[in-house]
Amino acid sequence: MGSPYDIDEIFPQDVAESVRLPRRQAGNSPQGLAVTLLADYTLRSRAWLPSAAIVELLAEAGVSPAGARTAISRLARRGVLEGHRQGRRSSYRLTAAAAAFLAVGGSTILSQGLAQPWDGQWTLVAFSLPQEEGTLRRGLRSQLRWMGYAPLYDGLWVSPHDLGEKTRARLAELTLGTLTVFRARHVELDAAIRRNPIDAWDTGGIARQYESFIERWSATPPRTRAGEISGAEAVRARTEVMNTYRRLPVLDPGLPDRLLPPGWLREPARELFTTVYDGMAGAAEDHVREVAGRHFGGAVPGIRAHAVADLAAGFS
């Protein structure tokens, strides 16, 4: 499923220097799959998984053994995973920094897409950077996109939401030249010369993303209830639905309902995601436990498939 925005803008590489998560891609990269896999079943406990188990689980998702081992090695170098060896067996887990970032990111994404009461005002961020500062410009655009803003014009980004404390703190940390933030109401002008703030978002493109998501996953809940999805298929589908859905709340950061076309599919998509992700949790967890235990020589403690509610609450 394509995106109306550049994926590098949607998922900026702005984590702490000690951890560099893999760059999001239009498809599912081996490193991205590995991060999602470990996060889905060990985020709260940071349980150790045998490297051979990670390789096998990734192989079930279509990653070659060599590609899986390379992904694990690169994630360790990035500070996303840490490893230890006992005899001939090596195991890996999420680092504390990566787990903390993933927990905050999951909570942010799942809360960002919720509709909120709207007072009719817009938050505007205006900035000016020299043309030669292309890297800084891309970094600022990434930060703003991640915080739910969109470009009305090149140096003027807007959001329908008030400036929360987290956003205020993030903006205060940016040392990128001239930047001004203010709140205002949109004044209607002649249609020939105006641009409505909602036009900063490609609502047609976002609607197609929702339609594609619902079309792809609508047949899964009945199959799950019928017991037709288990084992490796449950793990693979749960990873895929997470990797697909998590883009949607960033594309549509809770845009006001009254500004959107009728029949907006935000809530149906969210409900479907929750049904699919949570509905396969038990079968997927059982399979991850079985694979990990086989390579560990016994039960591996701390493996648990979390639910959407856990992610939204930040595991509080």
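Here is a short report on the structure shown in this document. (Residues numbered from 1 in each chain as written. Predicted model: local features only at pLDDT ≥ 70, side-chain atom pairs only at ≥ 80, totals over all residues. Heavy atoms only, no water.)

**Considering the overall build of the chain**
Turning to step 1, where the next piece is worked out: In terms of regular secondary structure, the chain is built from 14 helices and seven strands.
Turning to step 2, where the next piece is worked out: Buried positions account for 49% of the 316 residues belonging to the chain.
Turning to step 3, where the next piece is worked out: Restricting the contact set of the chain to residue pairs at least 6 apart, pairs at least 24 apart contribute 77%.
Turning to step 4, where the next piece is worked out: Accessible area of the chain: about 14,900 Å², with a carbon and sulfur share of 51%. (Helix = DSSP H or I, 4+ residues; strand = E, 2+ residues; numbered from the N terminus. Buried < 20%, exposed > 50% of the residue type's maximum accessible area, 1.4 Å probe, protein only. Contact = heavy atoms within 4.5 Å. Areas by Shrake-Rupley, 256 points an atom, 1.4 Å probe, with all protein chains shown as cover.)

**With respect to the packing of helix H10 (residues 231-245) against helix H13 (residues 281-296)**
Describing two packed helices takes the angle between their axes plus the distance from one axis to the other.
Turning to step 1, where the next piece is worked out: Between H10 and H13, the shortest axis-to-axis distance is 8 Å and the interhelical angle comes to 115 degrees. Judged on the interaxial angle alone, H13 and H10 are roughly perpendicular. By crossing handedness, the relation of H10 to H13 is classed as left-handed. Residues Gly231, Ala232, Ala234, Val235 and Arg238 of H10 form the contact with H13, whose participating residues are Ala281, Ala283, Ala284, His287 and Val288.
Turning to step 2, where the next piece is worked out: Here the residues of the contact of H10 with H13 sort into seven nonpolar, two polar and one charged. (Axes fitted to C-alpha atoms, helices over the stretch in contact; angles between N-to-C directions. Parallel < 35°, antiparallel > 145°, perpendicular 65-115°, else oblique. Left-handed = near helix turned anticlockwise from the far one by under 90°. Nonpolar A, V, L, I, M, F, W, Y, C, P; charged D, E, K, R; others polar.)

**A short note on the nonpolar core**
Turning to step 1, where the next piece is worked out: One finds Trp201, Phe213 and Phe273 to be the most contacted residues of the largest nonpolar core, which totals 70 residues.
Turning to step 2, where the next piece is worked out: Per-element accounting of this core gives the leading share, seven residues, to helix H2 (residues 30-42).
Turning to step 3, where the next piece is worked out: Formed by ten residues, the second largest nonpolar core is a distinct cluster that contains Val125, Phe127, Met147 and Tyr149. (Core = buried A, V, L, I, M, F, W, Y, C linked by side-chain atoms within 4.5 Å.)

**Quick word on the sheet that holds strand S4 (residues 121-128)**
Turning to step 1, where the next piece is worked out: Strand order in the open sheet formed by four strands is S5-S6-S4-S7, with antiparallel pairing between adjacent strands. Bordering the open sheet on either side are strand S5 (150-153) and strand S7 (178-185), each of which pairs with just one other strand. If you compare each strand with its neighbour and ignore which way they point, the axes differ by 30 degrees on average.
Turning to step 2, where the next piece is worked out: Inspection of the sheet shows S5 paired to strand S6 (residues 156-159) by three bridges, in the antiparallel sense. Residue pairing across strands places Ala150 opposite Val158, the latter belonging to S6. (Pairing = 2+ DSSP bridges.)

**Points about the packing of helix H8 (residues 203-217) against H10**
Turning to step 1, where the next piece is worked out: With their axes 11 Å apart at the nearest point, H8 and H10 run at an angle of 170 degrees to one another. By the angle between their axes, H8 is roughly antiparallel relative to H10. In this structure, H8 uses Phe213, Arg216 and Trp217 to contact H10, whose residues at the interface are Ala237, Glu240, Val241, Thr244 and Tyr245.
Turning to step 2, where the next piece is worked out: A breakdown of the residues in the contact of H8 with H10 according to their chemical character gives five nonpolar, one polar and two charged.

**Describing the pattern of salt bridges**
Turning to step 1, where the next piece is worked out: Enumeration according to the criterion identifies 16 salt bridges in this entry.
Turning to step 2, where the next piece is worked out: Among the ionic pairs, Arg216 bridges to Glu240, the shortest N-O distance being 3.1 Å. You can see Arg216 sitting in helix H8 and its partner Glu240 sitting in helix H10, a full 24 residues away along the chain.
Turning to step 3, where the next piece is worked out: Given the relative accessible area of 40%, Arg216 is considered partly exposed.
Turning to step 4, where the next piece is worked out: Between Glu228 and Arg223 there is a salt bridge whose closest N-O contact spans 3.3 Å.
Turning to step 5, where the next piece is worked out: Exposure remark for Glu228: the relative accessible area of 48% places this residue in the partly exposed category. (Salt bridge = Lys/Arg side-chain N within 4 Å of Asp/Glu carboxyl O.)

**Comments concerning the pairing of S4**
Remember that side chains alternate between the two faces of the sheet whenever the strand is regular.
Turning to step 1, where the next piece is worked out: The pairing of S4 with S7 spans eight bridges and is antiparallel. Directly across from Ser128, in S7, lies its bridge partner Thr178.
Turning to step 2, where the next piece is worked out: Pairing analysis gives four bridges linking S4 to S6, with the strands arranged antiparallel. Counterpart to Thr123 in the pairing with S6 is Ser159.

**Considering the side chain of Ser91**
Turning to step 1, where the next piece is worked out: The residue Ser91 is located in strand S3 (residues 89-94) in this model.
Turning to step 2, where the next piece is worked out: The residues touching Ser91, leaving out its near neighbours within four places in the chain, are Trp48, Leu49, Pro50, Ser51, Glu82, Gly83 and His84.

**Considerations on the environment of Ile198**
Turning to step 1, where the next piece is worked out: Assignment of secondary structure puts Ile198 in the loop between S7 and H8.
Turning to step 2, where the next piece is worked out: Overall, Ile198 belongs to the buried group, its relative accessible area being 9%.
Turning to step 3, where the next piece is worked out: Distance from Ile198 to Val158, taken between C-alpha atoms, is 8.7 Å for residues 40 residues apart in sequence.
Turning to step 4, where the next piece is worked out: Apart from residues lying up to four places away in sequence, Ile198 is in contact with Trp122, Thr203, Leu255 and Leu259.

**Some words on the sheet that holds strand S2 (residues 81-86)**
Turning to step 1, where the next piece is worked out: Pairing in this open sheet of three strands is antiparallel, and the strands run S1-S3-S2 from one edge to the other. Each edge of the sheet is formed by a strand with only one pairing partner; in this case those strands are strand S1 (49-50) and S2.
Turning to step 2, where the next piece is worked out: As judged from the six bridges shared by S2 and S3, these two strands associate in the antiparallel manner. In the strand pairing of S3, Glu82 is matched with Arg93.
Turning to step 3, where the next piece is worked out: With respect to the sheet, H2 is in contact with S1, S2 and S3, its orientation differing from that of S3 by roughly 80 degrees.

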